[in-house]
Amino acid sequence: MAKQEMILLAMDPSPTLDLMQRALSAAGFEVAIVHNRPALDKSVQEAIPSLMLIGDTFAGQDGLTVSSEMLARFPTLPIILYANQDTTGLAKSILKKGLSGYLYPPLKMADIVDEVQRCLVRARTLGDWLRREVKRTTASLEEKAHISETERVKLEAIIANIQDGVIVMDEGQNILLINRAVREIFNLGEETPLTGKSLKAVITNDDLHALLDRTNEGVLKYHEINFDDGRVFNAQYTPIPKIGSAVTMQDISYLKELDRMKSDFIHTVSHDLRSPLTSILGYMELIERTGPLNQNQQEFMQRLQGSVQHITSLVNDLLDLGRLEAGFDTRRETVYLENVLRYSLDMFDTQIRKKKIQLDVEIAPGLQPVRANPIRIRQMLDNLLGNAIKYTPNEGRIRVRISMEEEQVVLRVEDTGPGIPPDEQNRIFEKFYRASNRPDDVTGSGLGLAIVKSIVDSHQGRVWVESTLERGSTFAVLLPAGE
Ligand code: ADP
């Protein structure tokens, strides 16, 4: 084994060099000798020695410096330095520079061979370990690469077969992945390669573009995408760190259809209910004309009248909601909110006085009008003010404010009523929902705020409530200003 190993002696000619050559050859090593730097470089590069032995001065250069340079290029080459004498700093410098060993006079042949053997064993152990590590790491990398490839194929198969539409994009909104469902939804053909293309260029649907323009808002859960043929999809947008983002889409056409059927139903039923109510009221008036009623009869008639009125207002509310939800409200005029407010407040004047409510109205100067249906705006104001009066106890306070905020007209109706529990504040805008803390003696249908929301929505506005339990509520409506 030693026979194949080549020891390179980089030394100036000297008796020690001869001794070394003899000792190593006798031990079975192949020995090569170089006396200058170019020969040394060439030999290390081409012959690749198993070990290099260098004098502490070599061809006029410092042996340690030459060794450092060699190690910088061939870090696994074992190097032994032959020093002319053993100084205290020698071992330290050798270690510092990363050499494997050193020799110094007086030299015996056995010392030379022993030191060379020792350094070779060490280098071999190190080399074996290094090879093993490289193999192990490569194997594990290969395994990982293999796993991720199969995982990727699996993932693609799952996404391809998911019924919902899935689009994955990079940070520049270019397509990374698009599944079969999306191709079907947008009629993109089964085979056309789309990866790498801009999503906006591939799909020209306005609603989808509007979603892509809103991506700075972060996760978006509800965004409707409408098609001319009546299909409606709900799209969600999710940013994916380090990749880009994903859009998923579900077909909600059947839900929309159900919603429409429900509105139709409410409309028909409410209409059919109104006619008999009108005739009940008519006959009640007639009864009063047939002759004097005793006190009991009069009281019953009054109660009947109250109940019929309650049902009539409920039916009217249902009819209104039906119309609003069906999108029949298309009338638009220039409306000054403060003018409509005056009419509404006039109507509630008696009730406000009766309950001894303190009313403050603050109208900011320079209000702009809104493009709206004045009848619906009046209805919205009536419902909000009506609620504020209804839920505020006697001698409470109501504050109504109208102001401009960034090209939008903002109405605030603040009261000192019972407030609304935080977890119910969104639900009160649902049809028939009445908050759990509403006072027992306050009657209602739970439709007023649903109507307010429908009106505000159809005017591209926003309505919300800020409320503290037992302190009061502020209902705010925001409408875009416009002539
Ligand atoms: P209702 O006919 O019950 O008043 P609304 O749709 O107008 O129906 O309101 C829904 C619910 O919201 C009410 O039942 C009530 O619990 C709550 N609510 C509405 N306005 C107020 C208010 N100003 N103060 C406290 N609670 C309110």
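On a predicted model such as this, the values are computed, not experimentally measured, just so you know. (Residues numbered from 1 in each chain as written. Predicted model: local features only at pLDDT ≥ 70, side-chain atom pairs only at ≥ 80, totals over all residues. Heavy atoms only, no water.)

A look at the overall build of the chain
Phase 1 of the analysis: Scanning the chain from terminus to terminus reveals 13 helices and 19 strands.
Phase 2 of the analysis: At 46 Å, the chain has a C-alpha radius of gyration far larger than the 23 Å of a compact globule built from 483 residues.
Phase 3 of the analysis: By its C-alpha atoms, the chain is 150 × 55 × 45 Å across when sized along the principal axes.
Phase 4 of the analysis: Within the chain, the proportion of its 483 residues that are buried is 39%.
Phase 5 of the analysis: For the chain, the proportion of contacts with a sequence separation of at least 24, taken over those separated by at least 6, is 59%. (Helix = DSSP H or I, 4+ residues; strand = E, 2+ residues; numbered from the N terminus. Rg over C-alpha atoms; globule rule 2.2 N^0.38 Å. Buried < 20%, exposed > 50% of the residue type's maximum accessible area, 1.4 Å probe, protein only. Contact = heavy atoms within 4.5 Å.)

A few points about the pairing of strand β17 (residues 408–415)
Phase 1 of the analysis: Within β17, six of the eight residues are buried, which leaves the element mostly enclosed by the surrounding structure.
Phase 2 of the analysis: Where strand β16 (residues 397–405) meets β17, eight bridges bridge the pair, whose relative direction is antiparallel. From the neighbouring strand, Val 400 faces β17, where its bridge partner is Val 413.
Phase 3 of the analysis: If you look at the hairpin formed by β16 and β17, you'll find two residues sitting between the two strands, and Glu 406 has a positive phi there, around 45°.
Phase 4 of the analysis: Bridging between β17 and strand β19 (residues 472–480) involves seven bridges; their strand directions are antiparallel. (Pairing = 2+ DSSP bridges.)

Some points on the domain arrangement of the chain
Phase 1 of the analysis: For the chain, the domain assignment lists domain 1 (6–130), domain 2 (143–251), domain 3 (255–325) and domain 4 (333–480).
Phase 2 of the analysis: For domain 3 and domain 4, the distance between their C-alpha centres works out to 25 Å.
Phase 3 of the analysis: Taken together, the contacts link nine residues of domain 3 with eleven residues of domain 4.
Phase 4 of the analysis: Roughly 960 Å² of surface becomes buried between domain 3 and domain 4 when both sides are summed, with 66% attributable to carbon and sulfur atoms.
Phase 5 of the analysis: Looking at the side of domain 3 facing domain 4, the largest losses of area belong to Asp 317, Leu 321 and Leu 324, adding up to 52% of the total buried there.
Phase 6 of the analysis: If you look at where domain 3 meets domain 4, you find one salt bridge.
Phase 7 of the analysis: The residue Arg 376 makes a salt bridge to Asp 320 at a minimum N-O spacing of 3.5 Å.
Phase 8 of the analysis: The residue makeup of the side of domain 3 that touches domain 4, split by class, is four nonpolar, no polar and five charged. (Domains from an automatic or database assignment. Buried area = accessible area lost by both parts, 1.4 Å probe. Salt bridge = Lys/Arg side-chain N within 4 Å of Asp/Glu carboxyl O. Nonpolar A, V, L, I, M, F, W, Y, C, P; charged D, E, K, R; others polar.)

Some details on the nonpolar core
In globular proteins that are soluble, nonpolar side chains generally tend to be buried together.
Phase 1 of the analysis: In this structure, Met 380, Leu 384, Leu 411, Ile 428, Phe 475 and Val 477 are the most contacted members of the largest nonpolar core, which totals 44 residues.
Phase 2 of the analysis: Sort the elements by how many residues they give to this core and helix α12 (residues 374–391) lands first, with seven residues.
Phase 3 of the analysis: Two domains each provide a minimum of three residues to this core, namely domain 3 (255–325) and domain 4 (333–480).
Phase 4 of the analysis: Those residues in contact with Met 380 that sit more than four places away from it in its chain are Leu 411, Val 452, Ile 455, Val 456 and Val 477.
Phase 5 of the analysis: Among the nonpolar cores identified, the runner-up in size contains 23 residues, and Val 182, Ile 185, Val 202 and Leu 211 belong to it. (Core = buried A, V, L, I, M, F, W, Y, C linked by side-chain atoms within 4.5 Å.)

Some remarks on the sheet that holds β16
Phase 1 of the analysis: The strand order β14-β16-β17-β19-β18 describes an open sheet built from five strands, whose pairing is mixed. Because the sheet does not close on itself, it has two edges, and the strands there are β14 (358–363) and β18 (462–468). Within this sheet the neighbouring strands show an average axis-to-axis angle of 15°, counted without direction.
Phase 2 of the analysis: Helix α11 (residues 337–354) rests against β14, β16, β17 and β19 of the sheet, and its axis sits at about 175° to β14. (Axes fitted to C-alpha atoms, helices over the stretch in contact; angles between N-to-C directions.)

Let's talk about the site of the ligand
Phase 1 of the analysis: Among the 19 residues in the neighbourhood of the ligand, the closest are listed as Asn 387, Tyr 391, Asp 415, Arg 434 and Leu 449.
Phase 2 of the analysis: In the environment of the ligand, an oxygen atom lies 2.8 Å from a nitrogen or oxygen atom belonging to the side chain of Asn 387.
Phase 3 of the analysis: A distance of 3.2 Å is found between an oxygen atom of the ligand and a backbone nitrogen or oxygen belonging to Gly 448.
Phase 4 of the analysis: Calculation on the ligand without its partners gives an accessible area of 520 Å², and the protein chains cover 97% of this total.
Phase 5 of the analysis: Elements with a minimum of two residues in the shell around the ligand: α12, α13 (448–458) and β19.
Phase 6 of the analysis: The biggest single contributor to the shell around the ligand is α12, with three residues.
Phase 7 of the analysis: Here the residues of the shell around the ligand sort into eight nonpolar, seven polar and four charged. (Near = heavy atom within 4 Å. Polar contact = N/O pair within 3.5 Å; in protein donor to acceptor, adjacent residues only side chain to side chain. Areas by Shrake-Rupley, 256 points an atom, 1.4 Å probe, with all protein chains shown as cover.)

Focus on the pattern of salt bridges
Phase 1 of the analysis: As enumerated under the stated definition, the model contains 27 salt bridges in all.
Phase 2 of the analysis: Notably, a salt bridge pairs Asp 382 with Arg 378, separated by 3.1 Å at the nearest N-O pair. Taken as a pair, Asp 382 and Arg 378 lie in helix α12 at a separation of four residues, close to a single helical turn.
Phase 3 of the analysis: Taking the shortest distance from any N to any O, the salt bridge between Glu 414 and Arg 401 comes out at 3.0 Å.

What to know about the packing of helix α9 (residues 253–289) against helix α10 (residues 295–325)
Two packed helices can be described by the angle between their axes and the distance between those axes.
Phase 1 of the analysis: With their axes 9 Å apart at the nearest point, α9 and α10 run at an angle of 155° to one another. As summarised for this structure, α9 and α10 are arranged roughly antiparallel, according to the angle between their axes. Regarding α9 and α10, the two cross each other, and that crossing is left-handed.
Phase 2 of the analysis: Considering only residue class, the contact of α9 with α10 consists of 14 nonpolar, seven polar and four charged. (Parallel < 35°, antiparallel > 145°, perpendicular 65-115°, else oblique. Left-handed = near helix turned anticlockwise from the far one by under 90°.)

Things to note about α13
Phase 1 of the analysis: For α13, the set of buried residues is Leu 449, Ala 450, Ile 451, Val 452, Ser 454, Ile 455 and Val 456.
Phase 2 of the analysis: Against the buried residues of α13 lie α10, α12, β18 and β19.

Overview of the pairing of strand β12 (residues 244–251)
Phase 1 of the analysis: Here five bridges tie strand β8 (residues 165–169) to β12, and the two strands are oriented antiparallel to one another. When the sheet's bridge partners are listed, Ile 167 is paired in β12 with Val 247.
Phase 2 of the analysis: Of the strand pairs in this sheet, strand β11 (residues 232–240) and β12 are connected by eight bridges, and their pairing is antiparallel. Residue pairing for β12: Thr 238 is matched across the bridge by Ala 246.

A few points about the sheet that holds β12
Phase 1 of the analysis: Spatial ordering of the open sheet is given by β9-β8-β12-β11-β10, a layout of five strands whose pairing is antiparallel. A strand with exactly one partner marks an edge of an open sheet, and here the two such strands are β9 (175–178) and β10 (224–226). Going from strand to strand, the sheet's axes swing by 25° on average, the running direction of each strand aside.
Phase 2 of the analysis: Contacting β8, β10, β11 and β12, helix α8 (residues 206–213) crosses the sheet at an angle of about 155° to β10.

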